[in-house]
Amino acid sequence: MKKVIYIVLLTILCSTVTAQTDTLKVSLKQAVETGLKNRYDVRSNKYNISIAENAINKSKKEWIPDITGSGNLRYNSQLQERIIPAGILGNSTSMTFSLDTKTNSVYSLDLTQAIYKPEITSNINIAKNDLELEKEKNRQFEINTKTAITESYLNILLKELQFKIAKENEIRYSEYLEVAEGKYKYGSLLENDFLKAKLDYKNAKVETQKSQQNYNLAINNFKYQINIDSGTIVILTDRLNSVSGSMNPPQQQDAATNRTEIKQLQLIKENNELQLKKAHQNILPTVSLFANYSSQFQYSNFDYAQKDWWSPYSYVGVKISLPITSNFKNSNTVRESEFKSAKTGIDIKQKAADINYEIQKASSELGNALQNMQTTKANYDLSNTIYENQKQQYNLGSLQYSSLLDTEKTLNTAEQNYIKAVYDYLIAMLDYDKALGY
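Described in the following lines is the structure provided in the data block. In this text the structure is predicted, and so the values were computed from the model without any measurement. (Residues numbered from 1 in each chain as written. Predicted model: local features only at pLDDT ≥ 70, side-chain atom pairs only at ≥ 80, totals over all residues. Heavy atoms only, no water.)

Here the focus is the overall build of the chain. In terms of regular secondary structure, the chain is built from 10 helices and 8 strands. With 438 residues in all, the chain has 34% of them scored as buried. Long-range pairs, those at least 24 residues apart, make up 84% of the contacts in the chain between residues at least 6 apart in sequence. For the chain, the accessible area works out to roughly 27,300 Å², and carbon and sulfur atoms hold 53% of it. (Helix = DSSP H or I, 4+ residues; strand = E, 2+ residues; numbered from the N terminus. Buried < 20%, exposed > 50% of the residue type's maximum accessible area, 1.4 Å probe, protein only. Contact = heavy atoms within 4.5 Å. Areas by Shrake-Rupley, 256 points an atom, 1.4 Å probe, with all protein chains shown as cover.)

If you want it as structure tokens, here you go:
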């Protein structure tokens, strides 16, 4: 028994370790695909498209004839009597008789088929419009989701580089401290400079710790964006420079009309026009065909075995319904649809102006980000050259620690500025893609 328990516990432990050490190697493209596949809100939005498609089929089925079956069973506890006055049939006194029977059963089959009913066609067109609108809404949601996933991916790359830089700085300050400690022991360095080197190393360790915390937060946000288990180990296969090369800004071709916000407003305007057309059709007549087949049984009781007492009958007809007061009731609905259509037309013009400005702004920010990236790269290369030269001078004893420290801080600032400029360029390119509707 103890052996069985041991095996069970070992199995659970192994499965737990396996679950905790799941690893996901993912590129930016794969991350976006994974997020769109895993996120519940994306999957939920797709049901809105299915609902809209179902609404079209539902509207089309209004053309299917209504066929109903009914049964009517009646027992006459007191029969209605007719009176024949005296002398009508040569009778000397008045006579009474009844044409009814104690029981009356009618089983019917009714059919109603719409022949001309404009409302059905309008409802079908409105449902088709709703479907296209839901597709555009889903497209907009997916664009926003892709943007959020991409930003979280790039943020990890940024935080990873910043953490790497902080770790390298910590190592350098450790080396400075080691050199300063040796000089201090031999009396070639003031105690205050030695303590300063020690404090700088401790501060560098704190910056490394903060950078690692920021990196872990970025990882957690990314896992949330693509909806994977929090215990999964994430390895990003892309780097900032490689992403920068793959994200070429698209050409601007009818960007305003390509934006889903414009398409949604156009579909809303079309919906208003369809509603207006439907409102005008409310005053038109409707024509329908109706038919009935019935079988009637009349007898003194419900003994349906008496076949001679069954009598079938049937009829067909055409029904025309012409609304009379609907024209007065419908006038406000017509005006409302006209107002909505006019309002949406103005909204489309304003949204087009907003988008054009957004594209111009995103294009300018992209150009500025590119220029800043190139400038910070040149500054970083220059700072690195100066630092390497002064580091050799410091090791030879021809440069004070404070001077080297100033160069170190300048290099660190230039390096951080360059990495941030690369990240800003990628975000600007992402915003530009979004402004163009991609």
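That covers the picture; the talk isn't over yet.
Applying the stated rule across the entire model yields 16 salt bridges. With its nearest N and O atoms 3.6 Å apart, the salt bridge here joins K361 to E365. A residue pair is termed a helical-turn pair when its members lie 3 or 4 positions apart in one helix, as K361 and E365 do in helix α9 (residues 326–396) at 4 residues. K361 sits in the partly exposed class, given a relative accessible area of 43%. Residue classification places E365 among the partly exposed positions, given a relative accessible area of 34%. Ionic contacts of the salt-bridge type, sharing partners, join the residues R259, E261 and E358 into one network. (Salt bridge = Lys/Arg side-chain N within 4 Å of Asp/Glu carboxyl O.)

The next subject is the nonpolar core. Judged by nonpolar contacts, the single largest core of 59 residues is most densely connected at Y153, L154, F222 and L236. Elements supplying a minimum of two residues to this core: α2 (28–38), α4 (118–185), α5 (191–226), β6 (233–236), α6 (240–246), α9 and α10 (401–435). The dominant element in this core, judged by the number of residues it contributes, is α10, at 16 residues. What L154 contacts, discounting residues up to four positions off in sequence, is L240, V243, Y423, L426 and I427. Within the second largest apolar cluster, 5 residues are counted, among which are I49, A52, A127 and L131. (Core = buried A, V, L, I, M, F, W, Y, C linked by side-chain atoms within 4.5 Å.)

We note that N227 has phi near 60°; this positive angle belongs to a residue other than glycine. Of note, N227 is situated in the loop between α5 and β6. We classify N227 as partly exposed; its relative accessible area is 29%.

This part takes up α5. Because an α-helix packs 3.6 residues into every turn, residues spaced three or four apart end up facing the same way. Across its 36 residues, α5 extends 53 Å between first and last C-alpha, which sits within 8% of the 52 Å expected from 1.5 Å per residue. Looking one or two residues beyond α5, the residue adopting positive phi is N227, at roughly 60°. (Expected span 1.5 Å × (residues − 1).)

As a packed pair, helix α3 (residues 40–60) and α4 sit with axes 8 Å apart at the nearest point and diverge in direction by 170°. Relative to α4, the element α3 lies roughly antiparallel. A class-by-class count of the residues in the contact of α3 with α4 yields 10 nonpolar, 6 polar and 9 charged. (Axes fitted to C-alpha atoms, helices over the stretch in contact; angles between N-to-C directions. Parallel < 35°, antiparallel > 145°, perpendicular 65-115°, else oblique. Nonpolar A, V, L, I, M, F, W, Y, C, P; charged D, E, K, R; others polar.)

Our focus in this paragraph is the side chain of S27. Here S27 lies in the loop between β1 (23–26) and α2. Filtering out sequence-adjacent residues up to four positions away, S27 remains in contact with Y153, T237 and D238.

Looking now at the side chain of T260. Tracing the backbone shows T260 in helix α8 (residues 260–281). Residue class for T260 comes out buried when judged on its relative accessible area of 4%. Filtering out sequence-adjacent residues up to four positions away, T260 remains in contact with E136, R139 and Q140.

This part is about the pairing of β6. Taken residue by residue, a regular strand's side chains alternate between the two faces of the sheet. Burial along β6 is one-sided: the face carrying V234 and L236 is buried and the face carrying I233 and I235 is not. Pairing geometry for β1 and β6, over 4 bridges, is parallel. Within β6, the residue paired with V26 across the bridge is L236. (Pairing = 2+ DSSP bridges.)

Now for the sheet that holds strand β8 (residues 310–321). In any sheet, the strands associate via hydrogen bonds between backbone groups, in a parallel or an antiparallel arrangement. Pairing is antiparallel across the open sheet formed by 4 strands, whose spatial order is β2-β5-β7-β8. This sheet does not close on itself; its edge strands, each paired only once, are β2 (66–75) and β8. Sheet twist, expressed as the average angle between the axes of neighbouring strands with direction ignored, equals 15°.

Under the criterion given, the structure shown has 14 aromatic pairs. Relative to F222, the ring of Y153 has its centre 5.8 Å away and its plane inclined at 70°; by these criteria the two rings are edge-to-face. Of this pair, Y153 sits in helix α4 while F222 sits in helix α5; the two residues are 69 residues apart in sequence, bridging distant segments of the chain. What makes Y153 buried here is its relative accessible area of 0%. (Phe/Tyr/Trp six-rings, centres within 6.5 Å; stacked < 30°, edge-to-face > 60°.)

Here we take up the packing of α2 against α5. Axis separation between α2 and α5 bottoms out at 7 Å; the angle between their running directions is 55°. If you check the angle between α2 and α5, you find them oblique. Here A31, T34, G35 and N38 of α2 come into contact with α5, specifically with F222, Q225 and I226. For the contact of α2 with α5, a count of residues per class yields 3 nonpolar, 4 polar and no charged.

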